[in-house]
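Chain and residue survey
So the chains spell out like this:
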Amino acid sequence: MSVQQDDLDGRLSRHLRRGIVTGAGAALIAIYLGSVGLLAMMNARPVVANVLTLAQTALLAIAFLVGLLSQRTSAKDRSPVFWTAPLAGLVAGLLAAGFASLILSINLRSIFIALTPPLARLLTFGQPGISGAGLLVAGSVVAASAGALYQRLPHKVRRLIFPAALAVLLCGMFQEFIQVILQSNALFRWFAPWFYGWDGLTARGGLTIFAIALAFAALPFLVRRPGGFAGSAGSHPWRRSAPALLVLLLLLLVPIAGGPYIAQVFLLIGLYVLMGMGLNLELGLAGLLDLGFVAFFATGAYITAILTADSPLALAHYTAVPSFPFWAAMPLAVLGAVLMGILFGIPVLGVKGDYLAVATLGLGEIVRIVVQSDAAAPILGGAQGILQIPKPQIGGFQFGSAVSLFYLTLAAAIFAAYCAWRLERSRLGRAWIALREDEDVAQAMGINLVQSKLLAYAFGAAFAGLAGSIFAVMVNSVFPSSFQLLMSINVLALIVVGGLGSLSGVVLGALVLIGLPEALREFGEFRYLFYGLALILTMRLMPEGLWPAGRRRRRIVVPATGARSAQAARP
Amino acid sequence: MILEIENMSLAYGNIEAVRGVSIKIVDGGIVALVGANGAGKSSTLNAISGLIPIKNGSIRIDGQSSAALKPHEITRRGIVQVPEGRRIFGRLSVEENLLMGAFSRTDHAAIAEDRDHMFELFPRLKERRRQVAGTLSGGEQQMVATARGLMARPRVLLMDEPSMGLAPLVVEQVFDTIQAINAAGTTVLLVEQNALMALEIAHHAYVMEHGEIVLEGPGAELAVDERVVSIYLG
Ligand SMILES: Nc1ncnc2c1ncn2[C@@H]1O[C@H](COP(=O)(O)OP(=O)(O)OP(=O)(O)O)[C@@H](O)[C@H]1O
Ligand SMILES: [Mg+2]
């Protein structure tokens, strides 16, 4: 046997192994999802009514991804061949079909309560016996091949198809929300039936959305001036701010149209956006990791409670201090949070990196435990908290509803965003950026380390204090248990997912990480699985975040050479 | 005397890195501080910049002790360090790095002028003003570090091994630049491994070994001193 033949055999067996292993992996994931009961839950949510459920979409997506991954070049396999994809699909399909027949023939429900005949039917697209198994295997092979084809498409085409498919998925998955909004307005009601039936997205609606999204995704390609180069797309200010304006418009309109529940969700998102912008100053600009951030939020909430509540714990009740209206209490809450920020910053001034994370975590917990303690109970109410915080009022108008409080939060967030934006471009903002990059050198440049760091904590805390103040009136009461470590971690996660240092990223991160679990309430504890999945996926696929800050995006910018491009690079 | 170090000692824990060092820097000169690895040169510069505390002795700026001053206050008195290993702000652009150097200044018009002047001094940087500094070549990064230091309009520029890791031809350019900077009126304290070249351009020089000054004299003299030659060439 010649050496060449040997090599060929080696490659063949490698491709074979790759196909079988990835296929088996996919089947395992599907079996896992089925066994824990997630598939059954997902099956209750349609993507396209009567055609495709979320569970089926997930299964197809797994097969699709397997096909896609089988075509990736890796260090071990420099020249992937197409047939590994259908092979992987075949293996996955056969294993899943075996699993389905196992469920039908043996009763495993005493161990895994989720392994029911309906699950088997779901796997086999509702068909019984051999034809169902055949359908499952065929579907798996086709989806995997489609994934492989997709991977082989040019990058540009993929950039068109992916957002379009995502749009259909989102419009289908969240049909309940969208339907509520569509029913709010005569114009919407007029075209809504084209897209949605009573039980979800229609097939023609899905196709239309796909086409519209495709056109939108193609827009940048069409509008680009002939002869211009890629970087020039960012040189029109309106084009860069258009997405932000769109999001703002969405934020303005959706809560009124969507009713109280959606307004409530958006209100929560708004509060997290406020906090995210604060932590973004600390971490995104100054590079100070802070896991005790919730302490500032709690400070704002408690100060508002003590000053405004109609309760024996309110200052007005046992001192000569009058009862404050919300509008007077809010600035004081912010001020209190700022003081807390400075107090918080002093002990950790010299602490860096990993140690800073642990130190701030400890400080945050101390604040919560002090609030909860019996010692502070006469003032702060201990675990019972402070009740009966009145809603804000302007003249005769009371911010009683979630919708009105949402607009209050939105106004606060816009103001805060403006402040954050100005801060980033200020002298102080530059000092923070230098500190994050290299503390010693920053000092050698004449930056006052102590002052700059404390100001970073102070400003970050101000934003959180504002959010806390609104939170207090939103829930009418404050309890120590509302201010858990998890909240700090949520804020941290959302700014990292959104893109550190990026204002738009904060909004996007909050929408995804706070909005998504809310939208998936019916999945109970599983929604945190999605939360984790969203975290891992964004960090794997978009390590700079969903909407990276300009400063980070520029890392790959090549120097401008020659007059033409030098001109184009100017902002 | 713009900068005077007298009998200065400092330690990292129990390790005495610098012992009884005295250095005088008069206005307008180039002073070289040379010595082998670990001799304590960078430690001396960091002590001058206020980044590490001294144990004994004194550092005086314009005759006043700098003991109570914070690093940024020393910078504002015109003593500016270009640190070892360049340590530019890697995620900022070349231009942003330069502007960062002028952080403690408020004369905006003059800052813009100085920036343009830096681009004349280092034409390579002008071409790359919007490039992220971390992606520059080593020599270009050294140019950024030097220009950033000059942007503070220092009275004394403390340069820690500006020739580190550079090709001989580029080293020549760096030394030419140092002389040009000095000719324009900036006093320079130059720390170098590249001892012979540093001694050649220095008006006055100190040789450091194991944390102590072992030799001192005019640069040109030390350059031919057999003790120096034996340390560095033999
Ligand atoms: N942060 C530190 N902690 C402990 N020891 C240190 C520290 N920094 C420096 N040293 C020690 O102090 C001594 C002097 O170091 P220094 O950096 O001043 O040397 P140097 O003369 O600049 O050497 P080189 O030419 O290699 O840069 C060395 O023995 C070094 O190991
Ligand atoms: Mg050194």
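Residues numbered from 1 in each chain as written. Chains lettered and ligands numbered in written order. Predicted model: local features only at pLDDT ≥ 70, side-chain atom pairs only at ≥ 80, totals over all residues. Heavy atoms only, no water.

1. Side note on the confidence of the model for chain B
Detailed reading of predicted coordinates is not advised where the pLDDT is low. Inclusion rule: The predictor's confidence in any single residue is recorded as pLDDT, a number from 0 to 100.
Across chain B, the average pLDDT comes to 90, with 99% of residues at 70 or higher. With a pTM of 0.82, the predicted complex shows an ipTM of 0.84.

2. Here we look at the nonpolar core
Applicable threshold: We define a nonpolar core as any set of buried Ala, Val, Leu, Ile, Met, Phe, Trp, Tyr and Cys residues linked to one another through side-chain atoms lying within 4.5 Å. Three exposure classes are used, based on accessible area relative to the maximum for each residue type with a 1.4 Å probe and protein chains only: buried under 20%, partly exposed in between, and exposed over 50%. We call two residues in contact when some of their heavy atoms are within 4.5 Å.
Judged by nonpolar contacts, the single largest core of 105 residues is most densely connected at L274, M275, F297, V478 and F483 of chain A. For F297 of chain A, the contacting residues outside a window of four places in its chain are M275, A464, A467, G468, F471, F483 and M487 of chain A. Core analysis: the next-biggest nonpolar cluster, separate from the first, contains 44 residues, V80, V94, L98 and V171 of chain B among them.

3. Digging into the coordination of the magnesium ion (ligand 2)
Quick reminder of the rule: For Na, K and Ca the donor cut-off is 3.2 Å; for every other metal, N, O and S atoms count as donors within 2.8 Å. Water does not enter the count, which can leave sites looking incomplete. Labels follow the DSSP assignment, with helices taken as runs of H or I lasting at least four residues and strands as runs of E lasting at least two, numbered in each case from the N terminus.
Listed as protein donors to the magnesium ion (ligand 2) are S42 of chain B (OG), E84 of chain B (OE) and E84 of chain B (OE); their distances from the metal cover 1.9 to 2.7 Å. Highlighted residues: S42 of chain B in helix α1 (residues 41–48) and E84 of chain B in the loop between β6 (79–82) and α3 (94–101), separated in sequence by 42 residues.

4. Some remarks on the packing of helix α4 (residues 84–105) of chain A against helix α6 (residues 129–152) of chain A
Residues and elements named next belong to chain A. The criterion, for reference: Throughout, an axis means a line fitted to C-alpha atoms (over the contacting stretch in the case of helices), and angles, computed between N-to-C directions, take values from 0 to 180 degrees. Each angle is binned into one of four classes, with values under 35 degrees roughly parallel, values over 145 roughly antiparallel, values of 65 to 115 roughly perpendicular, and all other values oblique. Here a crossing is taken to be left-handed if its near helix is turned anticlockwise relative to the far helix by less than a right angle, and right-handed if that turn runs clockwise. The residue classification treats Ala, Val, Leu, Ile, Met, Phe, Trp, Tyr, Cys and Pro as nonpolar and Asp, Glu, Lys and Arg as charged. All others, Gly included, are polar.
Packing of α4 against α6 brings their axes to within 7 Å, and their N-to-C directions diverge by 150°. Classed by the angle they form, the pair α4 and α6 counts as roughly antiparallel. In the packing of α4 onto α6, the handedness of the crossing is right-handed. Here A85, P86, G89, L90, A92, G93, L94, A96 and A97 of α4 come into contact with α6, specifically with A133, L136, V137, S140, V141, A144, S145 and A148. The class makeup of the residues in the contact of α4 with α6 is 13 nonpolar, 4 polar and no charged.

5. A look at the sheet that holds strand β7 (residues 156–160) of chain B
The strands that make up a sheet are held in pairs by hydrogen bonds between backbone atoms, and each pair lies either parallel or antiparallel. Residue and element names in this part refer to chain B. The condition is simple: A pair of strands is treated as paired once DSSP finds two or more bridges between them.
Spatially, β6-β7-β8-β3-β9-β10 is the arrangement adopted by the 6 strands of the open sheet, whose pairing is mixed. Only two strands of the sheet have a single neighbouring strand rather than two, namely β6 and β10 (212–218). Each strand of the sheet is rotated relative to its neighbour by a mean of 15°, with strand direction disregarded. Of the pairings in the sheet, the one linking β6 to β7 comprises 4 bridges and is parallel in character. Following the sheet pairing, V82 is matched in β7 by M159. Packing of helix α7 (residues 168–183) onto the sheet brings it into contact with β3 (30–35), β7 and β8 (187–192), and relative to β8 it is tilted by some 155°.

6. Some remarks on a nonpolar patch on the surface
Residues and elements named next belong to chain A. Rules: Every patch collects residues that have over 30% relative accessible area and no salt bridge, joining them within 9 Å if they carry like charges and within 5 Å if they are nonpolar side chains (Val, Leu, Ile, Met, Phe, Trp, Tyr). Where accessible areas are quoted, they stem from the Shrake-Rupley method and a 1.4 Å probe; at the residue level, only the protein chains shown are allowed to cover. Salt bridge, as used here, is a side-chain nitrogen of Lys or Arg placed within 4 Å of a carboxyl oxygen of Asp or Glu.
A contiguous nonpolar surface patch, about 640 Å² in accessible area, is contributed by L245, L248, L249, L252, L253, I256 and I414. Among the elements that line the nonpolar patch, the one with the most residues is helix α11 (residues 237–285), at 6 residues. Within the secondary structure, L252 sits in helix α11. Look at L252 and you get partly exposed, because its relative accessible area is 36%.

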